[in-house]
Amino acid sequence: MDSQTLQQRIRLGEDSTLELKQIVFRGAQKVIEPHPDGLSDELAAFANANGGTLVLGVDDKTLTATGIPAEQMETLKSWLRGIVNDRITPPLEILTENVELPNAAGERVTVIVVSVPRSLWIHESANGYFRRVADSKRKLTPDVLARLFQQRSQARLIRFEEQGVADTSLDDADALLLRRFLRQHEGDERKQLRRLHLLADLEGQECLSIAGVLLCTEKPVNWLPSAYIQAVAYSGVNNDPNEQLDAKDFDGPLDRQLWDAFDFVRLNMKVPARKEFGRVDYPQYSLRAVFEALVNAIVHRDYSIWGGRIRLHMFADRLELYSPGALPNSMTVESMQAMSLPRNDVLSSLFSRYYPVRDSGLGREYLMDRRGSGVDVILAESEKLSGKKPLIEMIADMELRVKIYAACYKKS
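This report concerns the structure included in the present document. This one's a predicted model, so the numbers in the text were calculated from it and none came from an experiment.

### Structural notes on the packing of aromatic side chains
Thinking step 1. Going through the model one piece at a time under the given rule, you end up with 8 aromatic pairs.
Thinking step 2. Plain terms: the ring middles of phenylalanine 181 and tyrosine 355 are 5.9 Å apart, the flat faces sit at 70° to each other, and that makes the pair edge-to-face. Of this pair, phenylalanine 181 sits in the loop between helix H5 (175-179) and helix H6 (189-195) while tyrosine 355 sits in the loop between helix H10 (345-351) and helix H11 (374-386); the two residues are 174 residues apart in sequence, bridging distant segments of the chain.
Thinking step 3. Residue tyrosine 355 is classed as buried on the basis of its relative accessible area, which comes to 3%.
Thinking step 4. Measuring from centroid to centroid gives 5.0 Å for phenylalanine 351 and tyrosine 355, while their planes differ by 50°, and the two rings are tilted. Tyrosine 355 carries the same exposure label as phenylalanine 351, and that label is buried.
Thinking step 5. Directly above the aromatic system of tyrosine 303 lies the positively charged group of arginine 301, at a separation of 4.3 Å from the ring centroid.
Thinking step 6. Just above the ring of phenylalanine 315 sits the side chain of arginine 318; from NZ or CZ to the centre is 3.9 Å.

Dropping the structure here:
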């Protein structure tokens, strides 16, 4: 960064990507301000957000350069290296640049510009986990931290669905729901459930994992209040309570939520018929496409988002399905047809191995297809029936909406 640009930024003061710190030494070899723990929090907060710039040698109150003496430059850089390597986990990558600026008397002094890129990792600093918000750091609450871990896709850290759920045990699971995952001659039942990541440990105690709660309890919402599907059918084309025909919440284990939502669509959609050569039914929606859309919404939604339920809305001319969470693993709406990168690996694996489908009309053996062809089916089947290609879009990078248009048939 050139000195003129840096001066302009400093004159405007601190913001979401700029932090200013004056350096105070005791003798030649001791930095006494700022405190290294506090500075580690500031640096990690930038990395955990969208990156930023720290300028050492500028008074954040007067916005004037105080500088760093040349004979103490190496001491300061060594001190800074110690902070990013020893007080931040994992160690933080930074870039430093020496820049000359005029001080209050117009003399040229040297400051250190520290560039902190947005990290692929979530960094813990001396006092916990922080993220830059406006012109200061904010400590991350557990739910926001969990969501941030999920979004950064940290392979070395435990995935959200594998984490233990406090105050649960194997006794909270339903025996019939557990049975589908157990195989004879494959060893101890608890070990089998652990291999499938349905059981976990939390503070030394065995408990159900998030996946275990979602799949093996009668009411996952008792522990995960947002883990349900809200379904509403309207007679018209607007979200108008006065035109509401049917409304239900489905809050059982995930496979039951899927079938309940599927039956909701099947019961509420119109099925006109023609009698040219005997009765021929023409449904509003392809049930294969609806099934695929529901599976994707349930398996790929972000369960770490507090208050983010799946919403299924049926209108006279369309069906809309909202699934909480940004797309995982750097995917985009445009790349969804070309690749399949699940957010929840445990759920995806179990849906494709332990949940057989007996309705051959859906064109699959298990709830989830390992080939990753779900998006293709949604687009092709729906367009063939209605003549309009479904719309898949992100809303505010927080929610995925799938809009499937209804088929309209005129009497012959």
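The rest of the description comes next.
### Some points on helix H1 (residues 3-12)
Thinking step 1. Its side-chain oxygen 3.1 Å from the backbone nitrogen of glutamine 4, aspartate 2 forms the N-cap of H1.
Thinking step 2. Phi turns positive, to about 85°, at glycine 13, one or two residues after H1.

### A few points about the sheet that holds strand S6 (residues 108-116)
Sheets are built from strands paired through backbone hydrogen bonds, the pairs being either parallel or antiparallel.
Thinking step 1. Taken in spatial order, the 4 strands of this open sheet run S1-S4-S6-S5, and their pairing is mixed. Among the strands making up the open sheet, the edge pair consists of strand S1 (18-21) and strand S5 (95-102). On average, each strand axis in the sheet is inclined to that of its neighbour by 25°, with strand direction left out of account.
Thinking step 2. Bridge analysis of S1 against strand S4 (residues 52-56) gives 4 bridges, and the strand direction is parallel. Within the sheet, the bridge partner assigned to leucine 18 lies in S4 and is threonine 53.
Thinking step 3. Its contacts with the sheet put H1 on S1, S4, S5 and S6, and the angle it makes with S5 is roughly 80°.

### Thoughts on unusual backbone geometry
Thinking step 1. In this chain, glutamate 33 is followed by proline 34 through a cis amide linkage whose omega measures 0°.
Thinking step 2. Relative to the assigned elements, proline 34 resides in the loop between strand S3 (30-33) and helix H2 (36-48).
Thinking step 3. Put simply, threonine 89 and proline 90 share a cis peptide bond, and its omega is -10°.
Thinking step 4. Mapped onto the secondary structure, proline 90 falls in the loop between helix H3 (73-86) and S5.
Thinking step 5. Phi is positive for histidine 197, close to 65°, though the residue is something other than glycine.
Thinking step 6. With respect to the helices and strands, the residue histidine 197 is situated in the loop between H6 and strand S10 (199-202).

### A few points about the pairing of S3
The side chains of a regular strand alternate, first on one face of the sheet and then on the other.
Thinking step 1. Here 3 bridges tie strand S2 (residues 24-26) to S3, and the two strands are oriented antiparallel to one another. In the strand pairing of S3, arginine 26 is matched with lysine 30.
Thinking step 2. As consecutive antiparallel partners, S2 and S3 are separated by 3 residues, and within that stretch glycine 27 has a phi angle of approximately 70°, a positive value.

### Some points on the sheet that holds strand S16 (residues 310-314)
Thinking step 1. The strand order across the open sheet formed by 6 strands is S13-S12-S16-S17-S19-S18, and the pairing between neighbours is mixed. Single-partner strands in this sheet number two, and they are strand S13 (244-250) and strand S18 (391-395). Adjacent strand axes in the sheet meet at a mean angle of 15° when their direction is disregarded.
Thinking step 2. With 5 bridges joining them, strand S12 (residues 229-234) and S16 adopt parallel strand pairing. Across the sheet, the residue bridging to alanine 231 is leucine 312, located in S16.

Reading guide: rules and limits
Residues numbered from 1 in each chain as written. Predicted model: local features only at pLDDT ≥ 70, side-chain atom pairs only at ≥ 80, totals over all residues. Heavy atoms only, no water. Phe/Tyr/Trp six-rings, centres within 6.5 Å; stacked < 30°, edge-to-face > 60°. Helix = DSSP H or I, 4+ residues; strand = E, 2+ residues; numbered from the N terminus. Buried < 20%, exposed > 50% of the residue type's maximum accessible area, 1.4 Å probe, protein only. Lys NZ or Arg CZ within 6 Å of the ring centre and 35° of its normal. Polar contact = N/O pair within 3.5 Å; in protein donor to acceptor, adjacent residues only side chain to side chain. Pairing = 2+ DSSP bridges. Axes fitted to C-alpha atoms, helices over the stretch in contact; angles between N-to-C directions. Contact = heavy atoms within 4.5 Å.

So yeah, pure geometry; function would need other evidence.
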